[in-house]
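Okay, here's what each chain looks like letter by letter:
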Amino acid sequence: MAIKLVLSDIDGTLLPRGNAEVDHCVVEAFHALLDAGLAVGPASGRALPAILPAFAGDQACVATALATNGMQVYAAGKLVHEEYLDREGLVQLAAAVREVPRAGMICFKGAEVFLVEGERDVLAPIFPSYAAHITSMDAVPDFPVVKANVFVDADVRGTQALMERLEAVVPRLGLNTPMAGFMNVVPVGYSKATGIDIICRELDVSLDEVSLDEVVVFGDADNDLEMLEHVPNSVAVANATPRAAAAARWHIGSVDEFAVPQAMMAIAAGKWPFTA
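I will try to describe carefully the structure that is included in this document. On a predicted model such as this, the values are computed, not experimentally measured, just so you know.

### What about the overall build of the chain?
Now for step 1: From N to C terminus, the chain includes 10 helices and 14 strands.
Now for step 2: In terms of overall dimensions, the chain is globule-like: its C-alpha atoms have a radius of gyration of 18 Å, near the 19 Å expected for 276 residues.
Now for step 3: With respect to the principal axes defined by its C-alpha atoms, the chain has extents near 55 × 35 × 30 Å.
Now for step 4: For the chain, the residues scored as buried account for 55% of the 276 residues in total.
Now for step 5: Of the contacts formed within the chain by residues at least 6 apart in sequence, a portion of 59% connects residues at least 24 apart.
Now for step 6: Summing over all exposed atoms, the chain offers an accessible surface of approximately 11600 Å²; the carbon and sulfur share of this is 52%.

The following block contains the structure:
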């Protein structure tokens, strides 16, 4: 089967949670795909300034990328598409979060993280790297916001319940959850799948024409659902959430077993590594 584009979620798929950098075998697998003439990159809820350190600053690994859940699309190292969050919706969301004990909201400007609601100490155990370099704000910022997140001291069920509650209160924005206690904010109807369609159109120039049948995606969490459902050759790691596993066509070992870079090396060698 001819594959032209390989995209993978980072946290929980390439990178065990709690680790700062992917293993060297991940970088080697990315370069093997590039050397074989394929396009490869991350498809992450992180913005690019938070993606690059995970690859030890290797620019080639992120020249193609879906950042911020596909709201920022990079091709050949250039930002080719950017989607912004509705400010009035963010103001409504912040007000709703303010009413929830041990919940908060953050917004980003490039690599800068701003605490709009809640407490840093609540965020710290959920996403330490964001909490370590955060600036408090009194209100939703005036600058255009691409990336925002809601956090809460809760388990998976509690996170899901709060997500549904907030979506009902703020229907102009959507939410998805990559892990317990953390939610991504997106425009309604926007997802990593939207970004995949954009990147395929962009890569038509360098790779002739890219159809969804020529794409492989890897994921593990509920913010990967639309991506896994959208691409025929979708792959879930063994540690995936039940919903992500059900959405994927193929299934491999866990992030701790380096299952994704092993599959990538096989694809780079012209082999098909998926059987179940």
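### Some words on the sheet that holds strand β6 (residues 103–109)
Now for step 1: Strand order in the open sheet made by the six strands is β8-β7-β6-β9-β11-β10, with mixed pairing throughout. Pairing within the sheet leaves two strands with one partner each, and these edge strands are β8 (134–136) and β10 (173–179). Sheet twist, expressed as the average angle between the axes of neighbouring strands with direction ignored, equals 30 degrees.
Now for step 2: Packed onto the sheet, helix α3 (residues 87–98) meets β6, β7 (112–117), β9 (148–152), β10 and β11 (182–187) and runs at close to 150 degrees relative to β6.

### Observations regarding helix α10 (residues 259–268)
Now for step 1: The buried count for α10 comes to seven of 10 residues, which makes it a mostly enclosed element.
Now for step 2: Among the residues of α10, those classed as buried are Ala259, Val260, Pro261, Ala263, Met264, Ala266 and Ile267.
Now for step 3: On its buried side, α10 packs onto β1 (5–8), α1 (24–35), β2 (39–42) and β12 (215–219).
Now for step 4: After α10 finishes, the residue Gly270 shows a positive phi value of roughly 85 degrees.

### Examining the packing of α1 against α10
Now for step 1: Viewed as axis vectors pointing N to C, α1 and α10 meet at an angle of 20 degrees, and their least axial separation amounts to 9 Å. As summarised for this structure, α1 and α10 are arranged roughly parallel, according to the angle between their axes. Here α1 runs over α10; the crossing is left-handed. Contacts between α1 and α10 involve Cys25, Val26, Glu28, Ala29, Phe30, Ala32 and Leu33 on the former and, on the latter, Pro261, Met264, Met265, Ile267 and Ala268.
Now for step 2: Here the contact of α1 with α10 is composed, by residue class, of 11 nonpolar, no polar and one charged.

### Examining the pairing of β12
Now for step 1: Among the five residues in β12, five count as buried, and that is most of the element.
Now for step 2: Burial along β12 is two-sided: Val215, Val217 and Gly219 facing one way and Val216 and Phe218 facing the other are all buried.
Now for step 3: Examined bridge by bridge, β1 and β12 share four bridges and lie parallel to one another. If you follow Ser8 over to β12, its bridge partner there is Phe218.

### Examining the pattern of salt bridges
Now for step 1: According to the stated counting rule, one finds 12 salt bridges in the structure shown.
Now for step 2: Note that Arg172 is salt-bridged to Asp86, the shortest N-O span being 2.8 Å. Of this pair, Arg172 sits in the loop between α6 (156–169) and β10 while Asp86 sits in the loop between β5 (78–82) and α3, placing them 86 residues apart in sequence.
Now for step 3: Overall, the relative accessible area of 37% leaves Arg172 in the partly exposed class.
Now for step 4: Given the relative accessible area of 29%, Asp86 is considered partly exposed.
Now for step 5: Between Arg98 and Glu117 there is a salt bridge, with the nearest N and O atoms lying 2.9 Å from each other. Taken together, the residues span a long stretch of sequence, with Arg98 in helix α3 and Glu117 in strand β7 at a distance of 19 residues.
Now for step 6: Residue classification places Glu117 among the buried residues on the basis of a relative accessible area of 12%.
Now for step 7: In this structure, a network of salt bridges that share partners links the residues Asp9, Lys192 and Asp224.

Here is what the cut-offs are and how they apply
Residues numbered from 1 in each chain as written. Predicted model: local features only at pLDDT ≥ 70, side-chain atom pairs only at ≥ 80, totals over all residues. Heavy atoms only, no water. Helix = DSSP H or I, 4+ residues; strand = E, 2+ residues; numbered from the N terminus. Rg over C-alpha atoms; globule rule 2.2 N^0.38 Å. Buried < 20%, exposed > 50% of the residue type's maximum accessible area, 1.4 Å probe, protein only. Contact = heavy atoms within 4.5 Å. Areas by Shrake-Rupley, 256 points an atom, 1.4 Å probe, with all protein chains shown as cover. Pairing = 2+ DSSP bridges. Axes fitted to C-alpha atoms, helices over the stretch in contact; angles between N-to-C directions. Parallel < 35°, antiparallel > 145°, perpendicular 65-115°, else oblique. Left-handed = near helix turned anticlockwise from the far one by under 90°. Nonpolar A, V, L, I, M, F, W, Y, C, P; charged D, E, K, R; others polar. Salt bridge = Lys/Arg side-chain N within 4 Å of Asp/Glu carboxyl O.

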